[in-house]
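Overview (structure and organization)
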Amino acid sequence: MSLIVPDFDKSVIVRSAEAEVIGQAPTTIRLLADSSSTGGALSTQRVTLANGADGAKPHHHAASAELFYVLDGTAQLLSGEQVVTAERGDLVVVPPGLAHAFAAAPGEDADILIVITPGVERFEYFRHLERIAYGKVPPESLLDVQELYDTYFLNSTTWNDARS
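Residues numbered from 1 in each chain as written. Predicted model: local features only at pLDDT ≥ 70, side-chain atom pairs only at ≥ 80, totals over all residues. Heavy atoms only, no water.

Structural notes on the environment of aspartate 72
If you trace the backbone, aspartate 72 turns up in strand β5 (residues 65-79). For aspartate 72 and glycine 119, which are 47 residues apart along the polypeptide, the C-alpha to C-alpha distance reads 24 Å. The residues touching aspartate 72, leaving out its near neighbours within four places in the chain, are Arg88, Asp109, Ala110 and Asp111. (Helix = DSSP H or I, 4+ residues; strand = E, 2+ residues; numbered from the N terminus. Contact = heavy atoms within 4.5 Å.)

Some details on unusual backbone geometry
Looking along the chain, the bond that leaves alanine 25 and enters proline 26 is cis, with omega of 15°. Relative to the helices and strands, proline 26 is located in the loop between β1 (20-24) and β2 (27-33). One non-glycine residue, aspartate 150, adopts positive backbone phi at about 50°.

Observations concerning a nonpolar patch on the surface
Residues Phe8, Val12 and Val14 make up a contiguous nonpolar surface patch of roughly 220 Å² in combined accessible area. Relative to the assigned elements, valine 12 resides in the segment before β1. Residue valine 12 is classed as partly exposed on the basis of its relative accessible area, which comes to 35%. (Patch = residues over 30% accessible without salt bridge, like charges linked within 9 Å, V, L, I, M, F, W, Y side chains within 5 Å. Areas by Shrake-Rupley, 256 points an atom, 1.4 Å probe, with all protein chains shown as cover. Salt bridge = Lys/Arg side-chain N within 4 Å of Asp/Glu carboxyl O. Buried < 20%, exposed > 50% of the residue type's maximum accessible area, 1.4 Å probe, protein only.)

Section: the packing of aromatic side chains
Under the defined criterion, the tally for this structure stands at three aromatic pairs. Between the aromatic rings of tyrosine 125 and phenylalanine 126, the centroid separation amounts to 5.3 Å while the plane-to-plane angle is 75°, which identifies the pairing as edge-to-face. Judged by its relative accessible area of 6%, phenylalanine 126 is buried. An aromatic cluster is present here, built from Tyr125, Phe126 and Tyr149 joined pairwise through their rings. Stacked on the ring of tyrosine 125, the Lys or Arg arginine 122 has its end atom at 4.5 Å from the ring centre. (Phe/Tyr/Trp six-rings, centres within 6.5 Å; stacked < 30°, edge-to-face > 60°. Lys NZ or Arg CZ within 6 Å of the ring centre and 35° of its normal.)

Everything listed is a geometric property; what it means functionally is a separate question.
Following this line, the structure appears as structure tokens:
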């Protein structure tokens, strides 16, 4: 077991009005704190999904756990081979190496706080996703940066069946 000792000495305070916002409805991402601001302890963002919108496609992280806390609404989360429906106040923590994905439940909205620990510089990953959404770079460009962002995409029949 390895111990991550964060290397920062001041509290990280991010005011809602100052958070960078990526995307627009039905999927909005608020970038809250990246690994560099927390000394490697964590990366965190808030994802708001409207009317059953997809969040992240199935993937895993080799070195980080991912925490999902549902602030409001109802979300679907893939955790391994299980699809979990999580509602306001529910928490799901996915360990490193386990396949996961998330979305708002069909016909529902979801507001989710996501924390990755130990932290990985993720803000540029979300900016990359935005460039894909606006057609500035092709979707397959994500395959070139999987290792950089510790995000490895995979196929999940379980998730595909739940979302169809």
